[in-house]
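# Structural characterization, general
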Amino acid sequence: MTKKWEGFYMVLFLVSLMGGGLWPLLITLSIVYIPYYIRIIQGNMIRFKTAGYILSLRARGVKNINIIFKHLVPLTVRQISVQASYNAGGAIFITTTLGFLGLGIGSSIIEFGGMIGDSLSYLLVHPWPLIFYSGFALITSYFFNLLGEYLKNLFTQHEYTS
């Protein structure tokens, strides 16, 4: 079982315990996705702590707070933005699935899962709304994954040229 499915099952379990709605969904998505960001920040701080240019900055007497905010935070923000775009695609699929099951944001707010669930009753007569809404959810999630790949390539290229 991959980590994405474990996260999905955890969100499904927690949202079903707390009930559907916007805030339970946001809280459970935060619980699932925050460990990824903590791992990125911790790994960067451990990796760059002993880097040559950080040691030379410390030898020159630069304060730790300046090292953190001028050198370590920009490197970490790059990786966090890539991870956030990947997680946005996964969050769209989780929200769509929960909305289809009736545990999503709610009927007052338009979402992919609710639209797919509503168009399911017209499947035999008019299948196009179901195909359109499902395809648009897929394209939106795919866009965020492509954005993550673009940012990763851009930031990797930037690290090598600077």
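Residues numbered from 1 in each chain as written. Predicted model: local features only at pLDDT ≥ 70, side-chain atom pairs only at ≥ 80, totals over all residues. Heavy atoms only, no water.

Attention shifts here to the overall build of the protein chain. Within the protein chain, the secondary structure is distributed over 6 helices and 0 strands. In the protein chain, the order of α-helices and β-strands from amino to carboxyl end is α-α-α-α-α-α. For the protein chain, the C-alpha radius of gyration of 21 Å lies well beyond 15 Å, the compact-globule estimate for 162 residues. Projected onto its principal axes, the C-alpha coordinates of the protein chain cover approximately 75 × 35 × 30 Å. Expressed as a percentage of the 162 residues in the protein chain, the buried residues total 31%. Expressed as a percentage of contacts within the protein chain between residues at least 6 apart in sequence, the contacts between residues at least 24 apart total 60%. (Helix = DSSP H or I, 4+ residues; strand = E, 2+ residues; numbered from the N terminus. Rg over C-alpha atoms; globule rule 2.2 N^0.38 Å. Buried < 20%, exposed > 50% of the residue type's maximum accessible area, 1.4 Å probe, protein only. Contact = heavy atoms within 4.5 Å.)

This paragraph deals with the environment of phenylalanine 143. Relative to the helices and strands, phenylalanine 143 resides in helix 6 (residues 128-161). Spatially, the C-alpha atoms of phenylalanine 143 and tyrosine 133 are 15 Å apart, while their sequence positions differ by 10 residues.

A cluster of nonpolar side chains, contributed by Met10, Phe13, Leu17, Met18, Leu22, Trp23, Leu26, Ile27, Ile31 and Ile109, occupies part of the molecular surface with about 990 Å² of accessible area. Breaking the nonpolar patch down by element, the ones donating at least two residues are helix 1 (3-18) and helix 2 (22-49). Here the nonpolar patch gets 5 residues from one element, more than from any other, and that element is helix 2. Summarising the element assignment, phenylalanine 13 is placed in helix 1. (Patch = residues over 30% accessible without salt bridge, like charges linked within 9 Å, V, L, I, M, F, W, Y side chains within 5 Å. Areas by Shrake-Rupley, 256 points an atom, 1.4 Å probe, with all protein chains shown as cover. Salt bridge = Lys/Arg side-chain N within 4 Å of Asp/Glu carboxyl O.)

A separate point is the pattern of salt bridges. Where charged atoms from two side chains of opposite charge come close, those side chains can pair. For the structure shown, the criterion picks out 1 salt bridge. Among the salt bridges present, the one from glutamate 149 reaches lysine 152, with a minimum N-O distance of 3.8 Å. Of this pair, glutamate 149 and lysine 152 both sit in helix 6, 3 residues apart, which is roughly one turn of the helix. When its relative accessible area of 37% is taken as the criterion, lysine 152 is described as partly exposed.

For the rest of this paragraph, the subject is the packing of aromatic side chains. Using the criterion set out here, one finds 6 aromatic pairs in the structure. Centre to centre, the rings of phenylalanine 112 and phenylalanine 136 are 5.7 Å apart; their planes meet at 65 degrees, and the pair counts as edge-to-face. Residue phenylalanine 112 is found in helix 5 (residues 112-119), and its partner phenylalanine 136 is found in helix 6; the two are separated by 24 residues along the sequence. Overall, phenylalanine 136 belongs to the partly exposed group, its relative accessible area being 42%. Taken together, the ring pairs in this structure connect Phe112, Phe132, Tyr133 and Phe136 into an aromatic cluster. (Phe/Tyr/Trp six-rings, centres within 6.5 Å; stacked < 30°, edge-to-face > 60°.)

What follows covers the side chain of serine 119. Tracing the backbone through its elements, the reader meets serine 119 in helix 5. The buried category is assigned to serine 119, whose relative accessible area is 4%.

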